[in-house]
Amino acid sequence: MTAMQKVVSEIRSFHLFLRILIVLVTAGLFAAIARFAFGLGATTNLNDVYPWGLWISFDVVTSVPLAAGAFVLGAIVHCFNIKKLEPLVRPAIVTGFLGYSLVCLGLLLDLGQPHRGWHVFAYPNLHSPMFEVALCVMSYTTVALLEFLAPVFEKFGFHLPLRFLRTLELPLIVLGAAIATLHQSTIGTFFLIAVDKLHNLWYNPILPLLFWISAVFTGMCIIIIEAVMVHRYLDQPDETDLLATLTRIIPWFLGIYLVLKIFALFYLSERPLFDRPVLTTLFAIEMIAGIIIPFIMFLHKRIRTDGVLQLRAAGLVVMFGLVLNRFNVSMFGMIQENQQIYYPSVIESIVTIGIIAAHILFFAVIARYFPIFEHHSEDANNAIEDGFHSTHEQVVPEKI
Amino acid sequence: MTNHWIDLKNSDCIMAIGCNPAENHPISFKWIEAAVDRGAKLISVDPRYTRTASKANIYASIRPGTDIAFLGGLINYALTKDLIHKEYVRDYTNASFIVNEGFNFKEGMFDHWDDREKAYDVKAWTYSADDSGKALRDGTLKHPRCVFQLLKKHYSRYDVDTVVKVTGTNKFDYLRVAETFCGTGQPGKVGTILYAMGITQSTHGVQNVRAVAMLQMLLGNMGIAGGGVNALRGESNVQGSTDYGLLFHTLPGYLPSPEYKDETLETAIARYFPKTKESKSTNWWQNGGKYMVSLLKAWWGENATAENDFCYNYLPRRNGNHSYLQIIKKMIEGKLEGLVCMGMNPAVGGPDSLRAREGLGNLKWLVTADLWETETSIFWKRPGANPKDIRTEVFMLPAAASMEKEGSISNSGRWTQWRYTAVEPLGNAKSDLWILDQFHHHIKNLYKKESGIFPDPIVKLAWNYGTGHEPDVHKVAKEINGYFTRDTEIVDKDKTLEFKKGDQVPSFVQLQDDGSTVSGCWIYSGSYTSKGNMMARRDPNDLPNGLGMYPGWAWSWPVNRRILYNRASVDKTGKPFDPKRPVIAWNASEKKWEGDVPDGGAPPVEDEKGVYPFIMVPEGVGRLFALTMKDGPFPEHYEPIESPMKNPLSKVQSNPCAEVGTNVTCDLNRFPCIGTTYRMTEHWQAGAMTRSLPWLVELVPDMFVEISQALANEKDIRNGDRVTVVTERGSIEGFALVTFRMQPFVVNGVSIEQVGMPWHFGYAGLATGDSANVLTSGAQSPSSSIPEFKAFLCNIFKGGKGA
Amino acid sequence: MSTERDLSNQRTFLIDLTKCTGCRACQVACKQWNQMEAEKTSFFEGEGYQNPATLSEYTLTTIQFKDYFHEGKNEFSFYKAMCMHCNDPACVSVCPVSAFIKTPEGPVIYDTKRCIGCRFCMIACPFGIPRYQWSKALPLVVKCNGCYSRVKEGLKPACAKACPTAIEYGGRQEMIDEAKRRLAVNPGRYMNRIYGLEEAGGTSVLYLSAVPFDDIGFRNVTRRPLPSRTWAALRFVPTAFITMGGSLAFISWLTHRKEKIRREKEMKEVERASQKGDRS
Ligand SMILES: Nc1nc2c(c(=O)[nH]1)N[C@H]1C(S)=C(S)[C@@H](COP(=O)(O)OP(=O)(O)OC[C@H]3O[C@@H](n4cnc5c(=O)[nH]c(N)nc54)[C@H](O)[C@@H]3O)O[C@H]1N2
Ligand SMILES: Nc1nc2c(c(=O)[nH]1)N[C@H]1C(S)=C(S)[C@@H](COP(=O)(O)OP(=O)(O)OC[C@H]3O[C@@H](n4cnc5c(=O)[nH]c(N)nc54)[C@H](O)[C@@H]3O)O[C@H]1N2
Ligand code: SF4
Ligand code: SF4
Ligand code: SF4
Ligand code: SF4
Ligand code: SF4
Ligand SMILES: [Mo]
């Protein structure tokens, strides 16, 4: 059997859902090729009125906080040393890593001169939020990569680099968390320049802080969703009670967010606030469905400890609290009165769908081939225990 | 222009009537704005709300073709409200002259009308004179037959209510114009009138201009800084070309071209340059003979001698009208063998152009010398024409553009500025001078070889412009200035001046009628003297009076005078009427004038050697009553040939002297709207020069038609729709531009819509479109033969010609 | 981004719209000097003789026509849209590769060789000036560069040079004084406002108008320099980094120390237990 055939038969063995994903990803791939072949003008609905569209709004502004689970959980587990959550760390790291790689891809897609990406480091401009984010995203992706390498090395049983990585683990986590804090908030800083453009409902000087906080609780919600999903679809153990610990932390952040938001609205924002019905509605949905309701839900022990309800609450937060918020800030809230409306072109949409599909697909595939759900403390010897068709005999490292 | 562009800044009130300087003379606005900054008022009188109107303090809308009513109303307002400049009117115009019984005005007609000839006997209108032939005057201006009283009587009919009934102007606006402009009648206040095609392109265009001049004289605004009658000339060098005798009835320097009956030089001179009986009148034209002879010497050089009347009989002696339209008419009738269009595009520029385009097909040959392929040069493949049916042989000579050749150019202010070659001509384009030079050589040789009926005028032509590849333009300029053909002594007052053969003449004062001087265009003598090329001077210093005359910058005819009739800017003792703006002033102690070059060096009127200010007319004073106007001594309102209404002022509908032309109609059922044509900044004329420049095409890419909101609603037309405009002559298509800037006129209580359109489009070049001139008629003014481009009847429909 | 810089001598446009005749010499001169392609237009795009509709990758300046009826009077107004050459330009501050530079002479120029095409400048510009080459496969930003190549040589910008009436060009203070002078001597003629004096923290293009600025297409723009807004947040980046990193590091040190102690305790107990066992 040739390698090719191997791959094919392997893919045949995939769950139908995965195979659909593969199709979507390939579609996205072709769309992306088209974009480079014919240019942004021809393939997107972007124009001088809407220089930024779906790709920035979703692939960057939204994806980054969605990938925040990694640093949040990393910090919780390793820094606050809440060990029992550890089983969730690796999946989170993987999503983080995937998320960020795809963000980089999204950015490149959106640049008019992608081949000049390196200019950002050649001619840095410290005053540019874009520079800061670019820098962070790059370095964080590297960090995420290093973290991600752990399961990879395990799979192939590269022990020395593995140990080396292990010693690095904590510093990396800390570094990652710090960097993440910066760019998660700086994406908010992007829009501080859009005075007179971004509507007062969203424009306020603490936008960056709000972005960071929302990234944090979104990160945790993502983990919840992820855990529940893999439990259901990749038949991994049910982590509901583990998650309950998270759900106890989330409302705190939601609460702080709510307070700050209201404070900003009444003390830091320009007027008028509620002059545009559509925006007011969007804002209302974002706040009520995305923050207040989940906040209340998470306050109830019953919900906190019930898998399904956890999922619902978390889902709300992600869907409305975050996604809608990021779109409101980066798109809807920027639309001026009686200005033509932007909607993404087919190619833009296909690319974005492809990216989402890729995210899920790769996660599933990685989950399938790499040890990201084995639970064991850092000092466990995985060389033998690894369930996968593993390496030849090894020297067992003596216990500490 | 009696004044000049920069002088606009000195005005207190600028009335732009029948012109749109913001769009058609953009640079003039620099000086208009300068005046406005000083608090001057800008008035725009125009049927459309133009870009000029948008800058004006007062905008008055006017129905096309009714300017005499408008201006007559102002004259009446000034007279009845006693706003005129009395001293000026009494001493410097013919207001006090007594008119003989030959003149009378009844029901819209003057006396001495010859209905067969369709003309007045102009000679019947004269001053009453004493036995010596000197005109009788009444300094009190009370005499019932004095010009002033006749004027008053004539314009008493032009009361404000009648006027606005005719012009459709809003009464409130009209009164503001009247107060503001007539306010410049008092000494120390000055107003200027700018006009152009809105005034001239009419069957009574020349009378329009007369009305302007009369108003300015009554208000004492002639000869004054910031005043004057200022025609904003058109083509970049149209001033020069008219100065050099472009028109069929003039020779260079506005010398009359002889008519059939002027058999000898002597009789011609006697007829055209009469002596005057007025002791104090300079009557400069009495020198006409000298200029005529010097011109003949320039043309036939050595061959022109006293014995042979200086070759006077080589001059063609015309009978009748040979203006543009008559030529085209001949062409249409197949009576023209060939046509040379040098910098002209009649297929787009002339009225009733469908006929003209057909007419071109009757030519044996057509030569176009142009920068571009024009509608005229490709008339044989125009839309709808079948090249196979057209026999005309067409030659296209590529011409060099102004920046590709050296020479002089004269602007509206009579400044002649020397230009240098900036870039070499493209391809094998040649200067017009080169082209004409080649014509000359070949035609001369042909006549030499094959003789012909009357070869001498050509064969004996003097042509001393060097032997280079291209005629030496400096030699041409020197000949125009004039030089001595032999050593000469000239006694000038106290001193005698000596000149050697070949010396340049210092000015036309030295030109002689004995053949001792040559001058190609007397008004330009002084432009290229022994001191060198005056037109090339670039001294940026102004006179002490700070009026922006810049006497050391270029050169302006005559004799570098910057403001014509400037002797009228001072009182009889030589003191400026307006001390703030002294154009010239008499320095009694040194017995000389200071400031601008005075209109003749003689001392002020009061001095026993003093003379009257208006030196070009025998009377020496301005003519409120014109003796030689074909269509009457006073401008009288007549309707345009195609008019939407009966003339409310008299039973005479339109100018009785006008050439009506063919296929015109006043059928309001078929053509209920007024049509008018005009220019816009973004395009130039027939369009050859701009419709092929992408940057300009981008600004105005398509033919369009401007109409009012009301008309649009009535015809169910939306902005940007295709529409068709129809007249008796033809129909064209364009985009509808529905705008507030077009408003219907309420005349005699009824509302009449107008349809406005640029005439810049045609079928050649990058941006093509239908030509407005398909619609216009050949009706023309009796005195200037200009077509009535600005007022005709039309109708408009939604949809293209298909519809 | 310091606004304390002395700007009084920055080359500045004073565009007096009460003197603008809408002749569009500026628009054409700009295309000629910068050798910009003509746009394919049809009829007119907008009010009056408007063409092209707005600034674009081919057009750095346009005259914006307004043709309306107001209190029984016609209004036909012309507004020259172009880069404002802000004293403290948002475009300069947000560009990640410093492709925009505020020159000492005043013009804000753009370096085509650096741009990565992220279009942040377009989001940032409060006047909506930078345009993008949507027609190109590898697009760049396009914007009025204030004719820097001319200004460097002491010449006026092409549009200012071509303008017969409306554009003065000189030191910023000089232009401000001139504008104030005009407002003073001719109050009736003008709106009592100099657009650009404070907009976006002040610009090197100043406008005077006879009609309300909002009526003829001017944007209402904040007075405060925009970069100061983002900078207010970016200032904290290093601090945030250190505090976050530092605190996390400290916390984990604490928690892991606790952990270690716990473990050692456990060990000891285990040993003790085993010793006991030996005895028996
Ligand atoms: N950009 C540009 N400039 C040009 C030219 C060009 O083609 N393009 N052409 C040049 C030439 S050759 C010439 S002759 C000049 C002509 O310069 P203008 O005379 O200014 O040009 P027009 O637009 O033909 O007419 C001026 C105005 O007269 C108005 N009008 C029409 N009928 C009447 C009327 O009965 N009474 C009054 N009071 N106004 C009326 C029209 O609405 C128009 O606004 O422009 C010269 N300058
Ligand atoms: N309906 C309507 N018709 C009008 C008018 C109007 O107001 N309404 N206006 C009338 C007026 S005022 C005028 S002046 C006429 C103008 O009518 P035309 O003179 O027929 O029109 P232009 O386009 O000015 O023609 C000038 C030509 O000269 C060419 N040219 C430019 N420079 C040179 C040069 O150096 N040498 C040579 N050999 N050629 C050169 C140009 O390319 C252009 O083709 O149109 C008249 N027609
Ligand atoms: S086109 Fe030439 S002549 Fe006419 S206004 Fe402009 S500069 Fe003067
Ligand atoms: S106007 Fe916009 S593009 Fe121009 S300098 Fe200011 S911010 Fe930059
Ligand atoms: S598009 Fe180019 S110039 Fe604009 S911000 Fe991005 S890199 Fe800078
Ligand atoms: S300054 Fe230069 S680039 Fe800017 S609009 Fe004027 S001409 Fe165009
Ligand atoms: S050139 Fe001057 S007057 Fe003409 S449109 Fe431009 S700014 Fe206005
Ligand atoms: Mo003309």
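The structure presented is a predicted model; accordingly, all values stated were derived computationally and were not measured.

Peer 1: So what exactly am I meant to see when it comes to the overall build of chain A here?
Peer 2: Across its full length, chain A carries 15 helices and zero strands. Computed over C-alpha atoms, the radius of gyration of chain A comes to 22 Å, within 12% of the 21 Å expected from 2.2 N^0.38 for 400 residues, which places it in the range of a compact globule. With respect to the principal axes defined by its C-alpha atoms, chain A has extents near 70 × 55 × 45 Å. Sorting the 400 residues of chain A into buried and exposed places 58% on the buried side. Partitioning the intrachain contacts of chain A with sequence separation of at least 6 by distance along the chain shows that 79% fall at a separation of at least 24. Total accessible area on chain A stands at roughly 17100 Å², and carbon and sulfur atoms take up 72% of it. Averaging the positions of the 24 positive and the 28 negative side-chain charges in chain A gives two centres separated by 3 Å.

Peer 1: Quick question: what am I supposed to make of the site of ligand 4 here?
Peer 2: In the vicinity of ligand 4 lie 14 residues, with C:Cys83, C:Met84, C:Cys86, C:Cys91 and C:Cys125 positioned nearest. Its residues placed into classes, the shell around ligand 4 shows twelve nonpolar, one polar and one charged.

Peer 1: Where do I start with the environment of A:Ser57 in this structure?
Peer 2: All names here are of chain A. Structurally, Ser57 can be placed in helix H3 (residues 54-66). Taking the relative accessible area as the measure of exposure, Ser57 reaches 1% and is therefore buried. Considered as a pair, Ser57 and Leu246 are 189 residues apart in the sequence and their alpha carbons are 28 Å apart. Once residues lying within four places of it in the same chain are set aside, the contact partners of Ser57 are Thr62, Phe327, Ser330 and Met331.

Peer 1: What exactly am I supposed to notice about the environment of B:Lys790 here?
Peer 2: Residues and elements named next belong to chain B. Structurally, Lys790 can be placed in the loop between strand E32 (754-758) and strand E33 (792-798). For Lys790, a relative accessible area of 12% puts it in the buried group. Distance from Lys790 to Leu175, taken between C-alpha atoms, is 25 Å for residues 615 residues apart in sequence. Sequence-distant contacts of Lys790, that is, excluding residues within four places in its chain, are made with Pro64, Met197, Gly198, Gln201, Gly675, Thr676, Thr677, Tyr678 and Arg679. At a separation of 2.6 Å, a polar atom in the side chain of Lys790 contacts the side chain of Gln201.

Peer 1: Can you help me understand the side chain of B:Gln216 in this one?
Peer 2: Looking at the element boundaries, B:Gln216 is found in helix H9 (residues 205-218). A distance of 2.8 Å separates the side chain of B:Gln216 from the backbone oxygen of B:Gly228, its partner in a polar contact.

Peer 1: I keep staring at the packing of helix H3 (residues 67-80) of chain B against helix H7 (residues 171-182) of chain B and nothing clicks. Help me out?
Peer 2: Packed helices, taken two at a time, are described by their axes: the angle between them and the distance between them. All names here are of chain B. At their nearest, the axes of H3 and H7 sit 10 Å apart, and the two run at 55° to each other. Taken together, H3 and H7 sit at an angle that is classed as oblique. You can see that H3 and H7 cross each other, and the crossing is right-handed. Contacts between H3 and H7 involve Ala69, Phe70, Gly73, Leu74, Tyr77 and Ala78 from the first element and Tyr174, Leu175, Val177, Ala178, Glu179 and Cys182 from the second. When the residues that make up the contact of H3 with H7 are grouped by side-chain class, the tally is ten nonpolar, one polar and one charged.

Peer 1: In this structure, what is going on with the interface of chain B and chain C? I would like to understand it.
Peer 2: Interfaces are frequently sized by the accessible area removed from exposure as the parts join. At the junction of the two partners, chain B supplies 38 residues and chain C supplies 36 residues. For the pair chain B and chain C, the summed buried surface comes to about 3000 Å²; carbon and sulfur atoms form 60% of the total. In this assembly, chain B and chain C are joined by seven salt bridges. The closest approach of N and O atoms between B:Glu33 and C:Lys19, which form a salt bridge, is 3.8 Å.

Peer 1: Where do I start with a nonpolar patch on the surface in this structure?
Peer 2: All names here are of chain A. Where nonpolar side chains cluster on the molecular surface, the patch consists of Leu16, Ile20, Leu24 and Ile353 and spans about 340 Å² of accessible area. Looking at which element gives the most residues to the nonpolar patch, the answer is helix H2 (residues 16-43), with three residues. By the secondary structure assignment, Leu16 is in helix H2. Leu16 sits in the exposed class, given a relative accessible area of 53%.

Peer 1: What is the right way to read the sheet that holds strand E16 (residues 415-419) of chain B from this model?
Peer 2: Sheet strands associate in pairs through backbone hydrogen bonding, adopting either a parallel or an antiparallel arrangement. Residues and elements named next belong to chain B. With respect to topology, three strands assemble into an open sheet ordered E15-E16-E23, the strand pairing being antiparallel. Pairing within the sheet leaves two strands with one partner each, and these edge strands are strand E15 (407-410) and strand E23 (555-556). Relative to E16, E15 runs antiparallel, the two sharing four bridges. Each bridged residue has a counterpart across the sheet, and for Gly407 the counterpart in E16 is Arg419.

Peer 1: How should the interface of chain A and chain C be read in this particular structure?
Peer 2: In this complex, chain A contributes 57 residues to the contact, which on the side of chain C involves 56 residues. Contact between chain A and chain C buries roughly 4800 Å² in total, counting both sides, with carbon and sulfur atoms accounting for 66%. Contact with chain C buries surface across chain A, with A:Asp48, A:His127 and A:Ile193 losing the most and accounting together for 15% of the total. In this structure, the connection of chain A to chain C is made through one salt bridge. A salt bridge links C:Arg119 to A:Asp110; the shortest N-O distance between them is 2.6 Å. The interface formed by chain A and chain C holds 30 residue pairs in polar contact (both at pLDDT 80 or more) in total. Mapped onto the side of chain A that touches chain C, the elements with two or more residues apiece are H2, helix H4 (69-79), helix H6 (119-122), helix H7 (129-156), helix H8 (159-190) and helix H9 (207-233) of chain A. Top element by residues in the side of chain A that touches chain C is H8(A). It accounts for eleven residues. Here the residues of the side of chain A that touches chain C sort into 34 nonpolar, 16 polar and seven charged.

Peer 1: How do you make sense of the side chain of B:Glu33 when you look at a structure like this?
Peer 2: Summarising the element assignment, B:Glu33 is placed in helix H2 (residues 28-37). Its relative accessible area of 5% is what places B:Glu33 among the buried residues. Once residues lying within four places of it in the same chain are set aside, the contact partners of B:Glu33 are B:Lys55, C:Thr18, C:Lys19, C:Thr165 and C:Arg189.

Peer 1: I would appreciate a short explanation of the nonpolar core in the present structure.
Peer 2: One recurring pattern in soluble globular proteins: nonpolar side chains tend to sit buried together. Core analysis: the biggest nonpolar cluster contains 245 residues, and A:Leu246, B:Val755 and C:Tyr207 have the highest contact counts within it. The dominant element in this core, judged by the number of residues it contributes, is H9(A), at 17 residues. Leave out the neighbours within four places in its chain, and C:Tyr207 touches C:Ile15, C:Leu17, C:Tyr79, C:Lys80, C:Ala81, C:Met82, C:Met84, C:Arg193, C:Ile194, C:Tyr195, C:Phe213 and C:Phe218. Counting residues in each nonpolar core, the second largest holds 83 residues, with B:Ile75, B:Val177, B:Val212 and B:Val621 among its members.

How each quantity is defined
- Throughout, residues of each chain are indexed from 1 in the direction in which the sequence is written.
- All chains are assigned letters beginning at A, and all ligands numbers beginning at 1, according to the order in which they are written.
- Owing to the predicted nature of the model, reporting of local features is limited to residues with pLDDT of at least 70; listing and counting of side-chain atom pairs is limited to 80 or more, with chain, interface and lining totals taken over all residues.
- To get the side-chain values, take all heavy atoms of the structure and skip hydrogens and water.
- Here a helix means four or more residues in a row that DSSP labels H or I, a strand means two or more in a row labelled E, and each is numbered from the N terminus.
- For this measure, only C-alpha atoms enter the radius of gyration; the expected value for a globule follows 2.2 Å times N^0.38, where N is the number of residues.
- The cut-offs for exposure are 20% and 50% of the maximum accessible area for each residue type, with area from a 1.4 Å probe on protein chains only; residues under the lower value are buried, those over the upper are exposed, and the others partly exposed.
- Working rule for contacts: check all heavy atoms of both residues, and any pair within 4.5 Å makes them a contact.
- All accessible areas in this document rest on Shrake-Rupley with a 1.4 Å probe, and a residue is counted as covered only by the protein chains that are shown.
- Neither His nor the chain ends is counted toward charge; the positive residues are Lys and Arg and the negative residues Asp and Glu.
- Charge positions come from single atoms, namely NZ of Lys, CZ of Arg, CG of Asp or CD of Glu.
- Any residue with a heavy atom positioned within 4 Å of a molecule or strand is treated as near that molecule or strand.
- Each residue gets one of three labels, nonpolar for Ala, Val, Leu, Ile, Met, Phe, Trp, Tyr, Cys and Pro, charged for Asp, Glu, Lys and Arg, and polar for the others, Gly among them.
- We call two N or O atoms a polar contact when they sit within 3.5 Å, provided that within protein one can donate a hydrogen and the other can accept it, with sequence-adjacent residues counted only if both atoms are side-chain atoms.
- Axes here mean lines fitted to C-alpha atoms, for a helix over just the part in contact, with angles spanning 0 to 180 degrees between N-to-C directions.
- Orientation is classified from the angle alone, with under 35 degrees giving roughly parallel, over 145 giving roughly antiparallel, 65 to 115 giving roughly perpendicular, and any other angle giving oblique.
- Should the near helix be turned anticlockwise from the far one by less than a right angle, the crossing is left-handed, and should it be turned clockwise, the crossing is right-handed.
- Put simply, buried area is the surface a 1.4 Å probe can reach on two separate parts but cannot reach once they are joined, added for both.
- Just to be clear on terms, a salt bridge is a Lys or Arg side-chain nitrogen sitting within 4 Å of an Asp or Glu carboxyl oxygen.
- Only residues above 30% relative accessible area that lack a salt bridge enter a patch, with like-charged residues linked at up to 9 Å and the nonpolar side chains Val, Leu, Ile, Met, Phe, Trp and Tyr linked at up to 5 Å.
- Pairing between two strands requires that DSSP report at least two bridges joining them.
- Among the buried residues, those of types Ala, Val, Leu, Ile, Met, Phe, Trp, Tyr and Cys that are joined through side-chain atoms within 4.5 Å form a nonpolar core.

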